[in-house]
Amino acid sequence: MSYTAFLILILIIAVALILIVMVQNPKGGGLSSSFGGGGAQSLGGVQNTNKFLDNTTWTLAIAMFALILLANVAIPRGGEENFKLDNTLDGIESTTPAPTNPTTNKNDSL
């Protein structure tokens, strides 16, 4: 159950991270450049928008990394409680016949 919840959260964060990265433009464009006009001061300015997008990207990336590690721990692994190393070879038959007399050398008959 918890593994499924982690998987859903990872997918949601992945989509949000894709959207945040697509909004940014490495050459100064993107969402932050659209606030560069006269109304930029009332919205916090271009520098604050860049800082917000940068912080959001880092936060989502760290959250995704942590959720992936937690999901790895939460993976259901069936059969661990009944696993016994002593009984793993019980009931297995050998496919190669055992030698009848392993001390006999072929060169002794010559």
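Residues numbered from 1 in each chain as written. Predicted model: local features only at pLDDT ≥ 70, side-chain atom pairs only at ≥ 80, totals over all residues. Heavy atoms only, no water.

Chemist: I'd like a description of the overall build of the chain, backed by residues and values.
Modeler: Per the secondary structure count, the chain includes 4 helices and 0 strands. Mapped from its N terminus to its C terminus, the chain presents α and β elements in the order α-α-α-α. Here the chain holds 110 residues, and the buried ones make up 16% of them. Restricting the contact set of the chain to residue pairs at least 6 apart, pairs at least 24 apart contribute 77%. Carbon and sulfur atoms form 63% of the exposed surface of the chain, whose accessible area is close to 9,200 Å². (Helix = DSSP H or I, 4+ residues; strand = E, 2+ residues; numbered from the N terminus. Buried < 20%, exposed > 50% of the residue type's maximum accessible area, 1.4 Å probe, protein only. Contact = heavy atoms within 4.5 Å. Areas by Shrake-Rupley, 256 points an atom, 1.4 Å probe, with all protein chains shown as cover.)

Chemist: Lay out the UniProt feature "transmembrane region" (unreviewed entry) in the chain in plain terms, naming residues and giving numbers.
Modeler: Feature annotation in UniProt assigns "transmembrane region" (unreviewed entry) to the following positions: residues 5–23 and 57–75. From the first C-alpha to the last, residues 5–23 spans 27 Å; its make-up is 100% helix and 0% strand. Between the first and last C-alpha atoms of residues 57–75 the distance is 27 Å; the span itself is 95% helix and 0% strand. (UniProt positions renumbered as here; feature names shortened; annotations may be inferred.)

Chemist: So, the environment of isoleucine 12: which residues are in play, and what are the values?
Modeler: Structurally, isoleucine 12 is set in helix H1 (residues 2–23). Its relative accessible area of 54% is what places isoleucine 12 among the exposed residues. Taking the C-alpha atoms as reference, isoleucine 12 lies 9.5 Å from methionine 64; in sequence the two are 52 residues apart.

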